[in-house]
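Structural characterization, general
In case you want the letters, here they are:
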There are 2 protein chains.
Amino acid sequence: MAETSPRKTYDPLPDAIAASDRQAIADFLSEAEPSEAVHAFASLSETERSKLLESVSFEDLASFMGDLHDAHAAQFIEGLPAEQAAAIVGGMPSASQADVISRLPESEAEAILKAMPAGDAHHARRLLAYPHDTAGGLMITEFLSYGDTLTVGDVLDDLRANAEHYRKFEVQYAYVVSNGGQLVGVLQLRDLLLSSPAERVSAVMIHEPLKVRDTAGLEELERFFDHYALLGVPAVDAQGVLVGVVRGVDVEEAAEERSQRSFLKFMGIVGGEELRTMPLKARTLRRLSWLTVNILLNMMAASVIAYHQDTLSAVIALAVFLPIISDMSGCSGNQAVAVSMRELALGVVRPRELWRVLRKEAAVGIVNGIVLGVLLGLVGWLWKGNVMLGVVVASALAINTLVAVCFGGTIPLALRALGQDPALASGPILTTITDMTGFLLVLSIANAVLPWLTLNS
Amino acid sequence: MAETSPRKTYDPLPDAIAASDRQAIADFLSEAEPSEAVHAFASLSETERSKLLESVSFEDLASFMGDLHDAHAAQFIEGLPAEQAAAIVGGMPSASQADVISRLPESEAEAILKAMPAGDAHHARRLLAYPHDTAGGLMITEFLSYGDTLTVGDVLDDLRANAEHYRKFEVQYAYVVSNGGQLVGVLQLRDLLLSSPAERVSAVMIHEPLKVRDTAGLEELERFFDHYALLGVPAVDAQGVLVGVVRGVDVEEAAEERSQRSFLKFMGIVGGEELRTMPLKARTLRRLSWLTVNILLNMMAASVIAYHQDTLSAVIALAVFLPIISDMSGCSGNQAVAVSMRELALGVVRPRELWRVLRKEAAVGIVNGIVLGVLLGLVGWLWKGNVMLGVVVASALAINTLVAVCFGGTIPLALRALGQDPALASGPILTTITDMTGFLLVLSIANAVLPWLTLNS
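Below, the discussion takes up the relation of the copies chain A and chain B. The two copies are related by a screw motion: chain A maps onto chain B through a turn of 180° and a shift of 0.0 Å along the axis, at an RMSD of 0.1 Å. The two molecules are tied by a two-fold rotation axis, judged by turn and shift. With an isologous cut-off of 70% or more, the 100% of interface residues of chain A that recur at the interface of chain B puts this contact in the isologous class.

We now examine the side chain of Thr434 of chain B. Structurally, Thr434 of chain B can be placed in helix α23 (residues 422–448). Discounting residues that sit within four places of it in the chain, Thr434 of chain B has contacts with Ser329, Gly330, Asn400 and Ala404 of chain B.

Attention now goes to the pattern of salt bridges. Throughout the structure, instances matching the rule amount to 33 salt bridges over all chains. The partner of Arg283 of chain B in a salt bridge is Glu361 of chain A, and the shortest N-O contact between them spans 3.3 Å. Note that Arg283 of chain B is positioned in helix α18 (residues 280–307) and Glu361 of chain A in helix α21 (residues 354–384), a pairing that runs across two chains. Arg283 of chain B sits in the buried class, given a relative accessible area of 3%. In this structure, a network of salt bridges that share partners links the residues Glu274, Arg276, Arg283 and Arg287 of chain A together with Glu343 and Glu361 of chain B.

Across all of its chains, the model carries 9 aromatic pairs over all chains by this definition. Aromatic side chains Phe263 of chain A and Phe263 of chain B sit 6.2 Å apart centroid to centroid with 85° between the ring planes, which places their arrangement in the edge-to-face category. Remark: Phe263 of chain B occurs in helix α17 (residues 248–266) and Phe263 of chain A occurs in helix α17 (residues 248–266); the pair is interchain, linking two chains. In terms of burial, Phe263 of chain A and Phe263 of chain B fall into one category: buried. Using a relative accessible area of 11% as the deciding quantity, one classes Phe263 of chain B as buried. Counting every residue linked through ring pairs, the aromatic cluster contains Phe263 and Phe266 of chain A together with Phe263 and Phe266 of chain B.

The terminal C-alpha atoms of helix α20 (residues 318–346) of chain B lie 42 Å apart, and with 29 residues this matches the ideal 42 Å at 1.5 Å per residue to within 8%. Where burial is concerned, most of α20 of chain B is hidden: 27 out of the 29 residues are buried.

Below, the discussion takes up the sheet that holds strand β4 (residues 206–207) of chain B. Taken together, 4 strands build an open sheet; the order of strands is β1-β2-β3-β4 (chain B) and the sheet is mixed. A strand with exactly one partner marks an edge of an open sheet, and here the two such strands are β1 (144–147) and β4 of chain B.

Where helix α20 (residues 318–346) of chain A meets α18 of chain B, the closest approach of the two axes is 9 Å, and the angle between their N-to-C directions is 155°. Regarding the angle of α20 of chain A to α18 of chain B, the classification is roughly antiparallel. Read as a crossing pair, α20 of chain A and α18 of chain B show a hand that is right-handed. Counted together, Ala319, Val320, Pro323, Ile324, Asp327, Met328, Cys331, Ser332, Gln335, Ala336 and Val339 of chain A of α20 of chain A and Arg287, Trp290, Leu291, Asn294, Ile295, Asn298, Met299, Ala302, Ile305 and Ala306 of chain B of α18 of chain B form the full contact between these two elements.

All names here are of chain B. Within the secondary structure, Ser195 is located in the loop between α14 (189–193) and α15 (201–204). Remark: the alpha-carbon pair of Ser195 and Asp120, spanning 75 residues in sequence, is separated by 37 Å. Contacts of Ser195, omitting those with residues within four sequence positions, involve Val152 and Val204.

Turning next to the interface of chain A and chain B. Facing 124 residues of chain A, the contacting portion of chain B comprises 127 residues. Taken over both partners, the interface formed by chain A and chain B buries close to 12000 Å², and the fraction arising from carbon and sulfur atoms is 63%. Joining chain A to chain B, the criterion identifies 12 salt bridges. Our count for the chain A to chain B interface comes out at 36 residue pairs in polar contact (both at pLDDT 80 or more). Element by element, the count of residues in the side of chain A that touches chain B is highest for α20 of chain A, at 20 residues. Here the residues of the side of chain A that touches chain B are counted per class, giving 67 nonpolar, 28 polar and 29 charged.

The next point concerns the pairing of strand β3 (residues 183–188) of chain B. Residues and elements named next belong to chain B. Burial of β3 is extensive: 5 of the 6 residues sit out of reach of the surface. Bridge count for strand β2 (residues 173–177) against β3 is 5 bridges, and the pairing is antiparallel. From the neighbouring strand, Tyr173 faces β3, where its bridge partner is Gln188. The turn joining β2 and β3, which pair antiparallel and follow one another in sequence, is formed by 5 residues; a positive phi near 90° is taken by Gly181. Strand direction decides the pairing type here: β3 and β4, joined by 2 bridges, are antiparallel. Looking across to β4, one finds that Val186 is bridged to Ile206.

Okay, the environment of Val405 of chain A next. Of note, Val405 of chain A is situated in helix α22 (residues 387–417). For Val405 of chain A, a relative accessible area of 2% corresponds to the buried category. What Val405 of chain A contacts, discounting residues up to four positions off in sequence, is Ser332, Gly333, Ala336, Glu361 and Gly365 of chain A together with Arg287 of chain B.

All names here are of chain B. Strand order across the open sheet formed by 3 strands is β5-β6-β7, with mixed pairing between neighbours. A single partner strand is all that each edge strand has here, and the edge strands are β5 (212–213) and β7 (242–247). In this structure, β5 lies alongside strand β6 (residues 232–236), joined through 2 bridges in parallel fashion. Bridging from a neighbouring strand, Arg213 pairs with Val236 of β6. In the packing of α17 onto the sheet, contacts are made with β6 and β7, and the angle to β7 comes to roughly 65°.

Membership of the largest hydrophobic core comes to 72 residues, with the highest contact counts inside it found for Leu312, Leu318 and Leu376 of chain A together with Leu312, Leu318 and Leu376 of chain B. Dropping the residues within four chain positions of it, Leu318 of chain B is found in contact with Thr311, Leu312, Leu389, Val392, Val393, Val442, Leu443 and Ala446 of chain B.

Here the focus is empty space enclosed by the protein. With a probe scaled to a water molecule rolled over the atoms, the places where space remains empty come into view. With the rule as written, the count across this model stands at 11 cavities of 30 Å³ or more. In this model, the largest cavity occupies a volume close to 540 Å³. Together, 28 residues line the largest cavity, and Asp327 and Asn334 of chain A together with Asp327, Asn334 and Thr431 of chain B are the ones closest to its centre. For the lining of the largest cavity, the secondary-structure elements that each account for two or more residues are α18 (280–307), α20 and α23 (422–448) of chain A together with α18, α20 and α23 of chain B. Grouping the amino acids of the lining of the largest cavity by side-chain chemistry returns 12 nonpolar, 12 polar and 4 charged.

Criteria and thresholds
Residues numbered from 1 in each chain as written. Chains lettered and ligands numbered in written order. Predicted model: local features only at pLDDT ≥ 70, side-chain atom pairs only at ≥ 80, totals over all residues. Heavy atoms only, no water. Least-squares fit on C-alpha atoms with pLDDT ≥ 70 in both. Contact = heavy atoms within 4.5 Å. Helix = DSSP H or I, 4+ residues; strand = E, 2+ residues; numbered from the N terminus. Salt bridge = Lys/Arg side-chain N within 4 Å of Asp/Glu carboxyl O. Buried < 20%, exposed > 50% of the residue type's maximum accessible area, 1.4 Å probe, protein only. Phe/Tyr/Trp six-rings, centres within 6.5 Å; stacked < 30°, edge-to-face > 60°. Expected span 1.5 Å × (residues − 1). Pairing = 2+ DSSP bridges. Axes fitted to C-alpha atoms, helices over the stretch in contact; angles between N-to-C directions. Parallel < 35°, antiparallel > 145°, perpendicular 65-115°, else oblique. Left-handed = near helix turned anticlockwise from the far one by under 90°. Buried area = accessible area lost by both parts, 1.4 Å probe. Polar contact = N/O pair within 3.5 Å; in protein donor to acceptor, adjacent residues only side chain to side chain. Nonpolar A, V, L, I, M, F, W, Y, C, P; charged D, E, K, R; others polar. Core = buried A, V, L, I, M, F, W, Y, C linked by side-chain atoms within 4.5 Å. 1 Å grid on protein atoms, 1.4 Å probe; cavity = no way out; pocket = protein on both sides within 12 Å on 5 of 7 lines; lining within 4 Å. Points joined across faces, edges and corners; volume = space filled by probe spheres on them.

Below, the structure written as C-alpha cells:
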C-alpha cells in the first residue's frame, strides 16, 4: 500500500538507523529540535527503537530522552536491562528522573533504582514518594542555599567560584537555612549587590519568607502563583526543612497537563493518557474498559424503548426521532457539563452550590428547549402532515432539553462534592439519564395521544 | 424557595453590600484571597454589582479586578460610563489592561481608550494590536533595558536608585539596546557582581541573545521554552527593537487556557468561553448556534431511518438498537478524536500523517468492534431468541466501530491540515458520519436477511 501523504518534513532518523550510521544518528539526536525529536521517536517502529538503542551512547540517549514526553521516555526504557535503563535515566535532568521512573511497572522501577548510584537513587526515591501533582512532585532540587551564619562575602565568593555550575540553576534567589536545614530567609541576588561583604546574610535576607508545604496540591499552588507574582517558591517539609523550589512555570505546565488529561478522560480514555506508540493490547483494553460500561448503560436506557415497543409499532415514524432526541439532549447536557467543569476549574462555583447552577441552567434549558422543540416539531408535522406527531416530538425534546441541562450542570458539582473526578463519570451518567427520560417522554406522550397519531398514518 | 445547600464558606461581600457598609466592603476587597474574590464576585447579582461599584474607590476596585478572570473583569466594567471604566482599567496591571479591553465591544473599548491618559492608551493600543496568543499579546512591558554605551557602574547606580521600583519586575536579566532601541545583548545580574564598574556593559553582556519575534505564536513559544530552560525571552519587532519580555510562566498559562477553551469548544460552547454570570441571552444564543447546526445534521442522519422505515416496521426490535449503535459509535469515535487531538498538541503526529493514524486506529477498531459487536449481538439473540437479529446488530456495530475510529482518528488531522480548529467541528462531523453509516448498516443488513428476522417475531 502506498503512503497517502508524503512526510511533510524529512525525518533522517529512520534512514540513519536502517543504515546503522552511528554518526548520523548521534548528529540527529544532538541537533534535532525537541519537536523534531518527539515526532521522529513517535514514528519509529519497535525494531527501529531497539536498533537505535544499540547504536548510540547512553549520554546521547539521555539528552535526547529529556526532550521526549515522559510517557514516551518511559516506554522507551521499559523492558531494557536494569543497568542500561539506569545509565540512561541517570543522565536525565533530576526532575525528569522521578517522572519517568514513576511511569514504569513497580518491579522494573525498583530494579532501575537498585542499579543507580546510591546517592542518585536516594534522591529519586525521595521525589518518588510525593504524588505527582504536589509541590514535592513538581519541585526542582537544584537551588542555592547558604547557612545563616555566613557573610555576604562568603556568598559572593561561592557564587564566583561556582558561577558556571549555578548558571543553569535559573533561580533568582538564594535561600538561607538554619543549622538544621530549616528555611529562615531568602536572599535576593540584587540585595547582595548593595550590601557590604562583611555583613551576615541573616542581616540582609528577607525574614519569614513565603513558602509552601511539600505536600501542597496543584490547586493550592495555582492559587499561590495567582496571588504572588513570583517565579518560584521554596517548599519545606513538616519540620520546616527546605527540600526544593517549586517554579511557577512548572505549576502552570502541570495545570495544562491536568486539563489535557481531563479532556481525554471525558472522551473515554481511562487514565487520561494514550499515545499511539503504546502496544495495541494496552490501547484496546483501556478503551474497552470504558466502552463496555457504556454499552451496558446504553442497553439499560434502550430497554425503555423495548418496554414501549407497541407504541413504536403503531407509530413507526417515532423511531426516526428517538436517536435525534437522544443525541440532542446529550449535546445540550454536555454544554452544561463543560461550563460547570470550567467554572469548577476557575473556582467561580463550589461543589455544593447545586441550587445556584440549577437555576442558571434551567433558564437556558427552557429557552433552548422551546427553540429546539419547535424546530423538531415543525419537521415532524410537515414530514407526515400530522400535527400531533409534531406536538409529541416538540414537547419531548423541549422537556428533555431542560432535564439535560439541569443534570448536566449539576452532575460535575455533585461528583466533585463526593470526591470523585467529574471528567470520567459525568458523560456516561448524563447520557444514560437523558436517554432514558428522552425515550420515556417521546413514547409515553405518544401513547397518551395515540388515537390522533394513528389517524392518517 | 430554600437554598438546597448552605454556602460552604461564608461570603461576607453580599451582606456588606446589602448594608452599604463601605468599610466592610473595602476590607473584603483588600484582604480576600483571589479564589474568595473570584467566587464572591461570581455570586453577586446584577444589582449587587452596581451597588458594589458605588461603594468603593476605583483603586480598590482595580486591585480586586486584577484577581478576577479577564472575562469577569470585562463583564463588570461593560456598560459603565467610559470615564469610570477608564479609571478602573488604568489601575490594573499593564498586562491585564489590554486583555480586559479586548473582551469589550469595540465601540466601548474605543471610548475607554479615549478616556485613558494618552500614554497609557498608546501603550494599551500597541498591545491590543497583537493577537492574544502571540508573543506580543503575552509579553510584559516592565523590563530593565540599558543603552550599550553605559558602564557597569551606571547600571549599578540605576539599580540602586530604583531598587524599590524594580523589585516588582521579577526579571532576572537586564537587556542592552542600541541607540535605535535594537536588542544587542543581555546582562545577567550575576555577571554585574563580578565585573569592574568602569567596564562597558557591551563588554560584559551576552551577545546575540536568544529572542523571539513579537508575532511568534503560542506553539513556537512553547517549543522555545521546552528547548531552553529560561524564565523569559525578549521579544523584538520587525526592526529588531526590543518591545517586551515573554515569560515562560505566561506561555504555560496561555497553553492551559487554550486547552480549556478547546474542551469547551469541543463540548459545543462556541467561542470557548461561557460563565454563568453572563446574560441569559448571550448564553442561550451561543449554545443555540451550535445546537441548531447539530439538530440539522441529526435530521440528515435520521433521514436514513425514515428511508428504511419499512424494514423497521417489519422488525420493530431494531428500533431499540439504533440509538445504542449511534451512541456507541460516537463513543468509540470520540476516543480516537481525543487521542488525535492529544497527539497533535504534543507534536507526536503531524496533520498530514493520516495514513499512519488510520492504520493504528484500524487495529483498535477491529478488536473493539468485534468485542462490542459480540456483546450486543448476544443481547439481541437472547432477547428475541432470534440468532439472526443478533448477527445483524453484531455485524453493524462491529463494522461501525471500525468506521468510527478511522474517521475519529483522522478528522482532527484533516481539519488541522485545512487550517480549521479541530475542537469545534470534529464532534458534529464524526457523529453525523457514524450515525448515517450505523443506521444504514443496521437497516440494510436487516433488509438483506429480512426473511430470517421475521421468522418468529
